[in-house]
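# Structure assessment
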Amino acid sequence: QVQLVESGGGLVQAGGSLRLSCAASGTFFSINGMGWYRQAPGEQRELVAAVTSGGATRYADSVKGRFTISRDNAKNTMYLQMNSLKPEDTAVYYCNANVKRRSWSPYNEYWGQGTQVTVSS
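Our next topic: the pairing of strand β11 (residues 115-120). Burial of the side chains of β11 is restricted to one face: Thr115, Val117 and Val119 are buried, whereas none of Gln116, Thr118 and Ser120 on the reverse face is. By the bridge criterion, three bridges tie strand β9 (residues 91-100) to β11 in an arrangement that is antiparallel. Within the sheet, the bridge partner assigned to Val92 lies in β11 and is Gln116.

On to the packing of aromatic side chains. On inspection of all chains with the given rule, the structure shows one aromatic pair. Stacked on the ring of Tyr94, the Lys or Arg Arg45 has its end atom at 3.8 Å from the ring centre. For Arg45, the ring lying beneath its charged end belongs to Trp111, and the centroid distance is 4.8 Å.

Throughout the structure, instances matching the rule amount to one disulfide. Between the sulfur of Cys22 and that of Cys95 lies a disulfide, 1.9 Å long from S to S. The S-S bond linking Cys22 to Cys95 shows a torsion near -70 degrees; that makes this disulfide left-handed. With Cys22 in strand β3 (residues 18-25) and Cys95 in strand β9, this residue pair connects regions lying 73 residues apart in the sequence. A relative accessible area of 0% places Cys22 in the buried class.

Basis of the calculations
Residues numbered from 1 in each chain as written. Predicted model: local features only at pLDDT ≥ 70, side-chain atom pairs only at ≥ 80, totals over all residues. Heavy atoms only, no water. Buried < 20%, exposed > 50% of the residue type's maximum accessible area, 1.4 Å probe, protein only. Helix = DSSP H or I, 4+ residues; strand = E, 2+ residues; numbered from the N terminus. Pairing = 2+ DSSP bridges. Phe/Tyr/Trp six-rings, centres within 6.5 Å; stacked < 30°, edge-to-face > 60°. Lys NZ or Arg CZ within 6 Å of the ring centre and 35° of its normal. Disulfide = S-S within 2.5 Å.

As structure tokens, then:
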């Protein structure tokens with residue numbers, strides 16, 4: 001099975017920084033798009049940032065200029081550098097990836113279990 005494991009979450013004061021990591025493990029042919037989503041209590045899950053296999057990126061307006069998404073294809077790992085954190089960034093952050101297990105298989109969506117980010121005022 002494909003497993004996505006997030007790390008790097010924690011408690012930080014407003015204005016601080018955190019770097020999240022998502023490592024993919026298992027047997028697969030390729031990973032296409034990857035992204036970070038977040039869900040705050042009582043809120044819908046939203047896309048924070050996404051990155052293609054070639055490195056093209058997309059960000060939610062609320063995090064532009066503060067967050068940077070990247071990936072290391074050799075390590076099958078994606079990162080989210082979060083700077084100038086605000087209390088409204090508090091949420092569970094989830095890793096998402098579109099994974100092709102075999103060359104003849106379609107891409108399937110996989111999710112990590114999430115990592116908590118809490119920003120205090």
